[in-house]
Amino acid sequence: MTTPTRPHPRRAALALAGALAVTLAGCSTGTPEAAPTSASAPSTSASPSASATPSPTASATCADTTYEAMTADQRLGQLLMVGFDTNASLDALDSTITKDHVGNVIYLGGWEGAEKVSTTSEHLQGLVSRKATAGIDLMIAADQEGGEVHQLRGEGFTRPPTASEQAQMSSSALRKAAAGWAEELKDAGVNVNLAPVTDTVPADLGRGNEPIGRYEREYGSDPKTVEKASTAFIEGMLDGGVEATVKHFPGLGRIRNNTDFHSTGITDPKTTKDDPYLEPFAAGVDAGAGLVMVGSANYAKIDPGVPAMFSRTVVTDMLRGDLGFDGVVITDDVNAQSVRSTSPGQRAVKFVEAGGDITLTGDASVAPAMLEALAAKAAKDDDFAQQVDASVHRVLDLKDRMGLLPCSSSPSKAGD
């Protein structure tokens, strides 16, 4: 598979701004991701930038054609990713997919052996139907970073080394190794890796940074080291036929407490909109990563008091604007303590309002509440309805690239 690229000229401006910031201000110093009534949202046109409705002179894309054939509930279902725990029964998510129309799943809890994962992946993709998901195959994801964070284990899976060990490899060697890890995932029916970590943890904080440094999830303590290694990892994943995910924008490296377990001690006091620590994220976008994950920490110098995943400044202005990312933006797990004060439904709504696409929840039981909240908001707010449509189109565009739509021409179509 040829590694796709997305050139982003704005990255140069970001780098220049970052350099100026360092000159003027001086150098500054997630834990491992661990059927109520379904209201229907009205179908509306997406915003112009999303190209939701083909112009009279443009031919419809596969994503456009698929979108038009979907019900409103099926469209909303594409905006969730739900957790499948290793200890759950094989049919645990059957209703979530067939009746709630959820279109994406993540394996959680540590899965032992490729045979079990393959059997589960085949079962999940077997639930796909015209009625359930409009015939659209699922994105099935895992966290397979390396070191302590590898959700898929045992026979059939290589345990990738820690990020710091990966960073000691040459770019070509790491890319080749990552391609091999990707092939193992793909053989087991996993088509998305929620990795690599592109957060930079300053040396003077190190293991005092609970979400990343404590578990040695960082490639290094300077952005250039992180950029080099994470880019090679991304390219290798894409070579092996698995989508990669840049995370956790705009960076968890400068906070102390873990957002999964704390609502305090999760404010980054230093990162700015033109910070050098954003460079690895920009590089990941340039390398062709199909997804960017946004965390739930707070950033005092960007949008004070607002969790990043709910911040339009972070998601729309910085990620989509400054970095030019036009792909799928996904949340870190919204069951985190950092956002527990917001109801499950409003977590999904606030994320889409910020400019995001897929809400990831490790607790599949809250999916109906999220879908209902999205539908209710879209029914009374035309601007939000347009944002929903734009998000659905971005997800469909990525799934077409992955070969997951009924009309996709890619040979990577699940089950082929």
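Just above, that's the structure.
Residues numbered from 1 in each chain as written. Predicted model: local features only at pLDDT ≥ 70, side-chain atom pairs only at ≥ 80, totals over all residues. Heavy atoms only, no water.

## So, the packing of aromatic side chains
Part 1 of the argument: With the rule as written, the count across this model stands at five aromatic pairs.
Part 2 of the argument: Measuring from centroid to centroid gives 4.5 Å for Tyr107 and Trp111, while their planes differ by 45°, and the two rings are tilted. Residues Tyr107 and Trp111 agree in their burial class; the two are buried.
Part 3 of the argument: Centre to centre, the rings of Phe249 and Phe281 are 5.3 Å apart; their planes meet at 85°, and the pair counts as edge-to-face. Here Phe249, found in strand β9 (residues 243-249), pairs with Phe281, found in helix α10 (residues 279-286); they are 32 residues apart in sequence, far enough to count as distant. Take Phe249 and Phe281: they sit in the same class, and that class is buried.
Part 4 of the argument: Counting every residue linked through ring pairs, the aromatic cluster contains Phe84, Tyr107 and Trp111.
Part 5 of the argument: Cation over ring: Arg75 sits above Tyr67, and NZ or CZ is 3.8 Å from the ring centre.
Part 6 of the argument: Looking at Lys116, its charged tip hangs above the ring of Trp111, at a distance of 4.9 Å from the centre. (Phe/Tyr/Trp six-rings, centres within 6.5 Å; stacked < 30°, edge-to-face > 60°. Buried < 20%, exposed > 50% of the residue type's maximum accessible area, 1.4 Å probe, protein only. Helix = DSSP H or I, 4+ residues; strand = E, 2+ residues; numbered from the N terminus. Lys NZ or Arg CZ within 6 Å of the ring centre and 35° of its normal.)

## Quick notes on the nonpolar core
Part 1 of the argument: In this structure, Tyr107, Leu124, Leu152, Met237, Phe249 and Val294 are the most contacted members of the largest nonpolar core, which totals 115 residues.
Part 2 of the argument: With eight residues, helix α14 (residues 382-402) is the single largest residue contributor to this core.
Part 3 of the argument: Apart from residues lying up to four places away in sequence, Leu124 is in contact with Phe84, Leu93, Ile97, Val105, Tyr107, Leu138 and Ile140. (Core = buried A, V, L, I, M, F, W, Y, C linked by side-chain atoms within 4.5 Å. Contact = heavy atoms within 4.5 Å.)

## Looking at helix α5 (residues 114-126)
Part 1 of the argument: Helix length check: α5 (13 residues) gives 18 Å between terminal C-alpha atoms against 18 Å at 1.5 Å per residue, within 8%.
Part 2 of the argument: Where α5 is concerned, the buried positions are Ala114, Val117, Ser118, Thr120, Ser121, Leu124 and Gln125. Buried residues in α5, looked at end-on, bunch into an arc of 165°, giving them a common side. Away from the buried face of α5 by more than 90 degrees, exposed residues Glu115, Glu122 and Gly126 are located. (Expected span 1.5 Å × (residues − 1). Arc of directions from axis to C-beta.)

## Some words on the pairing of strand β2 (residues 104-108)
Part 1 of the argument: Burial analysis of β2 places five of its five residues in the buried class, the great majority of the element.
Part 2 of the argument: Neither face of β2 is exposed, since Asn104, Ile106 and Leu108 on one face and Val105 and Tyr107 on the opposite face are all buried.
Part 3 of the argument: With four bridges joining them, strand β1 (residues 80-85) and β2 adopt parallel strand pairing. By the bridge assignment for β2, Gly83 is matched with Ile106. (Pairing = 2+ DSSP bridges.)

## Some remarks on empty space enclosed by the protein
Part 1 of the argument: Its boundaries defined by the atoms lining it, the largest cavity holds a volume of some 80 Å³.
Part 2 of the argument: In this structure, the largest cavity is lined by Glu145, Gly146, Thr162, Ala163, Gln166, Ala195, Pro196, Val197, Glu216, Arg217, Tyr219 and Phe233.
Part 3 of the argument: Listing elements by their share of the lining of the largest cavity, those giving two or more residues are β5 (144-146) and α7 (163-166).
Part 4 of the argument: Class assignment of the residues belonging to the lining of the largest cavity gives a composition of six nonpolar, three polar and three charged. (1 Å grid on protein atoms, 1.4 Å probe; cavity = no way out; pocket = protein on both sides within 12 Å on 5 of 7 lines; lining within 4 Å. Points joined across faces, edges and corners; volume = space filled by probe spheres on them. Nonpolar A, V, L, I, M, F, W, Y, C, P; charged D, E, K, R; others polar.)

## Observations concerning helix α11 (residues 312-322)
Part 1 of the argument: Among the 11 residues in α11, eight count as buried, and that is most of the element.
Part 2 of the argument: Listing the buried residues of α11 in full gives Thr313, Val314, Val315, Thr316, Met318, Leu319, Arg320 and Gly321.
Part 3 of the argument: One side-chain oxygen at the N-terminal end of α11 lies 3.3 Å from the backbone nitrogen of Thr313; it belongs to Ser311.
Part 4 of the argument: In the stretch just after α11, Gly324 is the one whose phi turns positive, near 70°. (Polar contact = N/O pair within 3.5 Å; in protein donor to acceptor, adjacent residues only side chain to side chain.)

## Re the pairing of strand β11 (residues 291-294)
Part 1 of the argument: The alternating pattern of β11 places Leu291 and Met293 and Val292 and Val294 on opposite faces, both of which are buried.
Part 2 of the argument: Across three bridges, β9 lies against β11 in parallel orientation. What sits directly across from Thr245, in β11, is Leu291.
Part 3 of the argument: For β11 and strand β13 (residues 328-331), the ladder comprises four bridges, and the chain directions are parallel.

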